[in-house]
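Structural overview for review
This is what each chain is made of:
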Amino acid sequence: MQESIMPSTVDSYVVRQILGRIAVRGEDDGKRFTNTARTDAIAECLAGSAWRLFHDGSLAKIYAHREFDPAKPAVVVSSHIDMVARRCYANCEGEVWKGSFDNLITNAVVVACMLGNAFDSNVLVAFTGDEEKDLGGADEVAETLERRGIKVRFVVVTDVTCEGWDDGKAFTIENILPEEDKANQQRVATALREIVSGLDENSCIGPDEYQDEAWEYDEYDLPCCSVCIPCGGDDMSDCDYMHLEEGVEIRRAAIEKYAEALTAVVNAASGF
């Protein structure tokens, strides 16, 4: 039996431990998980923690804290596990790590936050499939919570991004939705900027041209944003480099600050 990981803080050492356990493929056919290695590994990491499986679905595994109150509004964290590349690995040596980090790296950070009890108790965490094609995992999350009568206050999507890498950013906040309500969008953007101002005075907030699960949650009229970790690659002419077999690079030094930004946004989102 592998030793349980119960971190008190989220840092690169803890995330590296988790990557060593969950760097396996997650696959689906658009209807159900066909390879559950990633979701199984995540479940093993969370065994013995304060988190319980709230929904064991075909394209979504939703976890709730043992103190979760379904009568109160929830904030949802959504992190996709499916991937395009066939190779799945994490080389965590030195200051620049390389691996199949779309979306393995934020899976690991989210698990670390859960184990460290960094999220408030009325946060639900969803690990989803089908993000890279039809966004069916996000559909299942939204429809499941609606069916179970859970009021969703806000959704925070985690993913990698090509934004901010050249500027050395540790995190970006993208896809602040709905965009139809410009006044509210600006209000939330201002609040987000204030929340993370202690981590980055000139934070990268606002780009919304890259589709991820936030766009699908927006279709269900759920307010949302994406908190992303920048990644680099050999050819950054477009964001397709994130799907190449050789994987992408992330900076080890960004991990702790990304986790802090993610936690700050998630725990503040109940007030948006």
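Everything that follows concerns the structure shown earlier in this document.
Below or above, wherever it landed, is the structure these notes cover. Not measured: the values here are computed from a predicted model.

Rules used in this analysis
- Residues numbered from 1 in each chain as written.
- Predicted model: local features only at pLDDT ≥ 70, side-chain atom pairs only at ≥ 80, totals over all residues.
- Heavy atoms only, no water.
- Helix = DSSP H or I, 4+ residues; strand = E, 2+ residues; numbered from the N terminus.
- Expected span 1.5 Å × (residues − 1).
- Buried < 20%, exposed > 50% of the residue type's maximum accessible area, 1.4 Å probe, protein only.
- Contact = heavy atoms within 4.5 Å.
- Core = buried A, V, L, I, M, F, W, Y, C linked by side-chain atoms within 4.5 Å.
- Salt bridge = Lys/Arg side-chain N within 4 Å of Asp/Glu carboxyl O.
- Polar contact = N/O pair within 3.5 Å; in protein donor to acceptor, adjacent residues only side chain to side chain.

Here we come to helix α4 (residues 136-147). Compared with an ideal rise of 1.5 Å per residue, which puts 12 residues at 16 Å, α4 spans 16 Å between its outermost C-alpha atoms and is within 8% of the ideal. Three or more residues of α4 are buried, namely G136, G137, A138, D139, E140, V141, A142, T144 and L145. Check the buried side of α4 and you find it contacts β3 (51-56), β4 (60-65), β5 (74-80), β8 (123-128), β9 (152-161) and α6 (213-219). Where α4 terminates, the next one or two residues include G149, which has phi positive at roughly 75°.

Here we take up the nonpolar core. Core analysis: the biggest nonpolar cluster contains 64 residues, and F119 and I173 have the highest contact counts within it. Ranked by residues supplied to this core, first place goes to helix α3 (residues 101-115) with 11 residues. Once residues within four sequence positions are removed from consideration, F119 is found in contact with W51, V77, V110, C113, M114, V125, L262, T263, V266 and N267. Counting 22 residues, the second largest nonpolar core, distinct from the first, contains A60, A74, A214 and L222.

The next point concerns the pattern of salt bridges. Counted according to the given criterion, the structure contains 7 salt bridges. For R16, the salt bridge identified is with E93, shortest N-O distance 2.9 Å. Of this pair, R16 sits in helix α1 (residues 12-22) while E93 sits in the loop between β6 (90-91) and β7 (96-99), placing them 77 residues apart in sequence. Note that R32 and D29 form a salt bridge whose closest N and O atoms lie 3.6 Å from each other. Look at D29 and you get partly exposed, because its relative accessible area is 44%. Among the ionic contacts, a cluster of salt bridges with common partners joins R25, E27 and R86.

What follows concerns the side chain of T39. Inspection of the secondary structure assignment puts T39 in helix α2 (residues 37-46). Among the polar contacts made by the side chain of T39, one reaches the main-chain carbonyl oxygen of T36 at a distance of 3.0 Å.

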